[in-house]
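Residue-level listing of the chains:
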Amino acid sequence: MDFLKNLPFFSIMISMFSAIITSILPKKAAKWLNTVVIVVIGILSAILLVYLFGTGESYTFMMGHFPAPWGNEIRAGVLEAGMALFFCIIMLLSVIGGSKKLEADVAEEKQGLYFILMDLLLSSLLALIYTNDLFTAYVFVEINTIAACGLIMIRQTGHAIEAAVRYMIMSLLGSGLLLLGLCVLYDLTGHLLMSNIKEQVAVLVANNQYQIPLLCCIVMMSIGLSIKSALFPFHAWLPNAYGYSTVSSSAVLSSLVSKGYIFLLIKIIYRVIGFDVFKNSRIIDILFVFGLMGMIFGSLSAIRQKDVKRMVAFSSVAQIGYIYMGIGMGTNFAIAASVFHILSHAATKSLLFIASEGLCDASGESRRMEDLTGAAYRNKIAGAAFLVGSLSMVGVPLFPGFISKLLFAQSALQIEFTKMLPALIVLGISTILNAVYFMKASIRIYTPVEGEKRFPVVPVKKQGIYGVVLVVFILLNLYLGTFSQPITDWILQGLGMFA
Amino acid sequence: MGNLLVNYGEAVAMILFAIGAANLLLHKNLIKKIIGLNIMDCAVYLFLAEKGYITGRGVPIVVDGVQSVEAYINPIPSGLVLTGIVVSVSVSALMLALTVRLYKKYHTLDLDEISMRLKKEEGM
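Treat the numbers as computed from the prediction; the structure is a model and nothing was measured. (Residues numbered from 1 in each chain as written. Chains lettered and ligands numbered in written order. Predicted model: local features only at pLDDT ≥ 70, side-chain atom pairs only at ≥ 80, totals over all residues. Heavy atoms only, no water.)

Colleague: What is the right way to read the overall build of chain B from this model?
Modeller: Helix and strand counts for chain B stand at five helices and zero strands. Counting from the amino terminus, helix and strand elements in chain B follow one another as α-α-α-α-α. Expressed as lengths along the three principal axes of its C-alpha atoms, the size of chain B is roughly 75 × 35 × 15 Å. By sequence separation, contacts in chain B at least 24 residues apart represent 47% of the contacts at least 6 residues apart. As displayed, chain B has an accessible area near 7,500 Å², and 67% of this comes from carbon and sulfur atoms. (Helix = DSSP H or I, 4+ residues; strand = E, 2+ residues; numbered from the N terminus. Contact = heavy atoms within 4.5 Å. Areas by Shrake-Rupley, 256 points an atom, 1.4 Å probe, with all protein chains shown as cover.)

Here it is, written out as structure tokens:
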């Protein structure tokens, strides 16, 4: 069974080399190769997940046969393998669901390039998930940023390029802070491998040495990664970047790219700094407050939007706020709730982006709310999918959004009173605000148009693969919402392996 | 205060980092933003190089058969600097390419003005 331990390495390498090969392939072949690569990596991750459930423990894999602390390492546990599988599923559905729109949005000769970026993005996400080396993580964070920037600007419109520049500016500040933070940490501990750093940090804390530099580097790494994942005060780049890129890009950016950084932060909390050290530094209170503010202000901005894609994008700010609130609560269970919300938000938000694209197309390419009136009757599958996504975001039972809200509320009850009260109150307010804009949009698309019909109806049978993708997305959401117990057990087991 | 004087290299690196970050965020001109980005990255490399240097020791390349660890500085930070330079070169190139695109479209380097014009386009 030892051979199976190579699978994380294979996954990263397959996606990276397929990106290189894609650069010389024609457009059609590039698309097929991309689909095949995502499927293969998904299958490999699933095999690894089953194997790890069998052995019940995580392992580290030496790269190039140099033992620690000199060599580079990969580490895999059930959480990592499951995340890789989940990311593959979401990416596959987003790419296929947006492929028709991609042909319309992107210039003919650039379409092959899009799949290079997708492959690179996948490989960097996998590396962020699996790596056990902090500096490797930094390098792949940068690759991820560059690929994401390409995905935003591939449409080549003025809006898209401006959004990409703004994204790069904030993102580079974030990675600069991350780099500085890990350099200080290397300076304090003398190691770059996560497990070695953790041992040394424990020694430093026990001897009460270098407390201020340690705090500074925790702050720099947390703030750096939260800038990159668009936590509330740093979210200015997000709405344009998600709103003006082609639909696959928005789905992938909102559901995978920002989540990869959050997953890296959770990994840093558990495996580099150590959970208790991180908890005792007051940075979690800052993340908690920012998260709460994001939950309210993200929703308030979303209510004001007249453009459906920008509304969905602003709702991401609120959902990222939820995740950071969970991290800020500082209990194991709350972080498990955050990880569950990563899954549920990824599944729901990509569904919403792809469904809203279908609705816009059925309304004469317009994205304005007024034109969307009655769109659900013109494109029935997209309408149903948008309704499912909205219900999930609001937190109606049967859908994943409800489960993550429930988990957040449960974990709020386990913490001290000064945090429990604001968490529960803001959770309530945010749910109401979510309901305001998502229900407003859903009611609008299900309002029949009076008088003459302005736009033709898109028949269900003509939708082809797009309709299939939406149905699979709806099923995925229902699965996450109804079979949540095994998933939370899996997350808790995976977090246990982190320690 | 004493520590600050002894580790003046690191202190300078931190000041440079702040200057670079402020340039990156506050300047309207895209080229100046990119210069700020490069100052910020270089500050980190200065910090790393400063951390790896040990006074009185040589470059970690074995010449004349001297193999003692005592003779050389720590090579790992230098390796990290090299990796970092590669990353920052590619990122700067990407930013410059985006700047060229924007300049060809709008004939200005002022990011705020470009945003204003985009808003107007949308309003029409």
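Colleague: I'm lost on the overall build of chain A in this one. Help?
Modeller: The number of helices and strands found in chain A is 21 helices and two strands. Over its C-alpha trace chain A gives a radius of gyration of 22 Å, about what one expects of a compact globule, namely 23 Å for 499 residues. Expressed along its principal axes, the backbone C-alpha trace of chain A runs to roughly 80 × 55 × 45 Å. Buried positions account for 65% of the 499 residues belonging to chain A. (Rg over C-alpha atoms; globule rule 2.2 N^0.38 Å. Buried < 20%, exposed > 50% of the residue type's maximum accessible area, 1.4 Å probe, protein only.)

Colleague: I would appreciate a short explanation of a nonpolar patch on the surface in the present structure.
Modeller: On the surface, F17(A), I20(A), I21(A) and I24(A) cluster together into a nonpolar patch covering about 440 Å² of accessible area. Along the chain, the position of F17(A) falls in helix α1 (residues 7–22). (Patch = residues over 30% accessible without salt bridge, like charges linked within 9 Å, V, L, I, M, F, W, Y side chains within 5 Å. Salt bridge = Lys/Arg side-chain N within 4 Å of Asp/Glu carboxyl O.)

Colleague: Is there a simple way to think about the nonpolar core in this case?
Modeller: Nonpolar side chains in soluble globular proteins tend to end up buried together. Residue and element names in this part refer to chain A. Of all hydrophobic cores here, the largest spans 216 residues; its most connected members are Y130, L185, I266 and I491. The leading source of residues in this core is helix α7 (residues 158–189), at 20 residues. Looking at this core, you find at least three residues from each of domain 1 (1–274) and domain 2 (282–499). With residues up to four places along the chain from it excluded, the contact list for Y130 reads P8, I12, S45, L48, I74, R75, A76, E80, A81, A84 and K267. (Core = buried A, V, L, I, M, F, W, Y, C linked by side-chain atoms within 4.5 Å. Domains from an automatic or database assignment.)

Colleague: When you look at the interface of chain A and chain B in this model, what are you seeing that I'm missing?
Modeller: Note: interface size is frequently given as the accessible area lost on complex formation between the parts. The interface of chain A with chain B comprises 32 residues on the first partner and 35 residues on the second. When the two sides are added together, the surface that chain A and chain B hide from each other amounts to roughly 3,000 Å², 80% of it contributed by carbon and sulfur. Together, I169(A), L180(A) and Y186(A) form the three largest contributors to the area buried by chain A at its contact with chain B, with a combined 18%. Between chain A and chain B we count two salt bridges in total. Of the charged contacts in the structure, one is a salt bridge between D187(A) and K51(B), with a shortest N-O distance of 3.4 Å. Where chain A packs against chain B, one counts six residue pairs in polar contact (both at pLDDT 80 or more). Of all the elements in the fold, those that place two or more residues in the side of chain A that touches chain B are α6 (134–153) and α7 of chain A. Ranked by the residues each element gives to the side of chain A that touches chain B, the list is headed by α7(A), at 20 residues. In terms of residue class, the side of chain A that touches chain B is built from 22 nonpolar, five polar and five charged. (Buried area = accessible area lost by both parts, 1.4 Å probe. Polar contact = N/O pair within 3.5 Å; in protein donor to acceptor, adjacent residues only side chain to side chain. Nonpolar A, V, L, I, M, F, W, Y, C, P; charged D, E, K, R; others polar.)

Colleague: Please explain the domain arrangement of chain A as it appears in this structure.
Modeller: All names here are of chain A. Parsing chain A into structural domains produces domain 1 (1–274) and domain 2 (282–499). Each of domain 1 and domain 2 was reduced to a C-alpha centroid, and the two centroids are 23 Å apart. Taken together, the contact between domain 1 and domain 2 spans 57 residues of the former and 50 residues of the latter. Area buried by domain 1 at its contact with domain 2 is led by L79, F232 and Y270, which between them contribute 14% of it. The partner of E357 in a salt bridge is K101, and the shortest N-O contact between them spans 3.6 Å. At the boundary of domain 1 with domain 2, the tally comes to 10 residue pairs in polar contact (both at pLDDT 80 or more). Counting residues per element, the ones that place at least two in the side of domain 1 that touches domain 2 are α2 (27–55), α3 (78–97), α4 (99–105), α9 (211–228), α10 (238–244) and α11 (247–273).

Colleague: Where do I start with helix α21 (residues 484–498) of chain A in this structure?
Modeller: Given 3.6 residues to a turn, an α-helix orients residues that are three or four positions apart in the same direction. Here α21(A) contains 15 residues, and its C-alpha end-to-end distance of 21 Å stays within 8% of the 21 Å for a straight helix at 1.5 Å per residue. Residues of α21(A) that are buried include every one of S484(A), I487(A), T488(A), W490(A), I491(A), G494(A), L495(A), M497(A) and F498(A), and no others. (Expected span 1.5 Å × (residues − 1).)

Colleague: Would you mind going over the packing of aromatic side chains with me for this structure?
Modeller: Residues and elements named next belong to chain A. Counting across every chain of the model gives 17 aromatic pairs over all chains. Arranged with centres 5.1 Å apart and planes meeting at 20°, the rings of Y270 and F275 form a pair that is stacked. Connected via pairs of aromatic rings, a cluster forms that spans F3, F9, F10 and F61. Note that K419 overlies the ring of F288, its terminal NZ or CZ placed 5.2 Å from the centroid. (Phe/Tyr/Trp six-rings, centres within 6.5 Å; stacked < 30°, edge-to-face > 60°. Lys NZ or Arg CZ within 6 Å of the ring centre and 35° of its normal.)

Colleague: Sorry, what's going on with the packing of helix α13 (residues 283–304) of chain A against helix α14 (residues 308–329) of chain A here?
Modeller: To characterise two packed helices, one gives the angle between the axes of the helices and the distance between these axes. All names here are of chain A. The N-to-C vectors of α13 and α14 enclose an angle of 160°; their axes lie 7 Å apart at closest approach. Looking at the two axes, α13 sits roughly antiparallel to α14. Every pair of crossing elements has a handedness; the one defined by α13 and α14 is left-handed. Facing I284, L287, F288, G291, L292, G294, M295, G298, S299, S301 and A302 of α13, the residues of α14 in contact are M311, F314, S315, V317, A318, G321, Y322, Y324, M325, I327, G328 and M329. The class makeup of the residues in the contact of α13 with α14 is 15 nonpolar, eight polar and no charged. (Axes fitted to C-alpha atoms, helices over the stretch in contact; angles between N-to-C directions. Parallel < 35°, antiparallel > 145°, perpendicular 65-115°, else oblique. Left-handed = near helix turned anticlockwise from the far one by under 90°.)

Colleague: Any chance you could explain the environment of A148(A) here in plain terms?
Modeller: Residue and element names in this part refer to chain A. Examined against the element boundaries, A148 turns out to sit in helix α6. The sequence separation of A148 and A241 amounts to 93 residues, and the corresponding C-alpha distance is 9.8 Å. When sequence neighbours within four positions are dropped, the list of residues in contact with A148 reads L121, Y167, L253 and V257.

Colleague: Mind showing me how you'd approach the pairing of strand β2 (residues 72–76) of chain A here?
Modeller: For a regular strand, the rule is simple: side chains alternate between the two faces of the sheet. Residue and element names in this part refer to chain A. Counted residue by residue, β2 has four buried out of five residues, so it is predominantly covered. In terms of strand pairing, strand β1 (residues 59–63) meets β2 through five bridges, oriented antiparallel. Pairing of Y59 across the sheet is with A76, part of β2. (Pairing = 2+ DSSP bridges.)

Colleague: Please clarify how the packing of α1(A) against helix α5 (residues 111–130) of chain A should be interpreted in this entry.
Modeller: All names here are of chain A. Running from N to C, α1 and α5 point in directions that differ by 160°, and their axes come no closer than 8 Å. Put simply, α1 runs roughly antiparallel to α5. The crossing of α1 and α5 is left-handed. Of α5, the residues touching α1 (which contributes P8, S11, I12, S15, M16, S18, A19 and T22) are G112, F115, I116, D119, L120, L122, S123, L126, A127 and Y130.

Colleague: When you look at helix α18 (residues 400–413) of chain A in this model, what are you seeing that I'm missing?
Modeller: Residue and element names in this part refer to chain A. The terminal C-alpha atoms of α18, which comprises 14 residues, lie 20 Å apart, in line with the 20 Å expected from a rise of 1.5 Å per residue. Every buried residue of α18 is listed here: P400, G401, I403, S404, K405, L407, F408, S411 and A412. Of the surrounding secondary structure, the elements contacted by the buried residues of α18 are α14, α15 (332–361), α17 (380–394), α19 (417–445), α20 (465–482) and α21.

Colleague: Hey, could you run me through the pattern of salt bridges in this one?
Modeller: Here the idea is simple: oppositely charged side chains can pair when their charged atoms come close. Residue and element names in this part refer to chain A. On inspection of all chains with the given rule, the structure shows 15 salt bridges over all chains. Measuring nitrogen to oxygen at the nearest pair gives 3.1 Å for the salt bridge that ties D361 to K101. One end of the pair, D361, is in helix α15; the other, K101, is in helix α4, and 260 residues separate them in sequence. Residue classification places D361 among the partly exposed positions, given a relative accessible area of 36%. A single network of salt bridges, built from pairs that share partners, joins K101, K309, E357 and D361.

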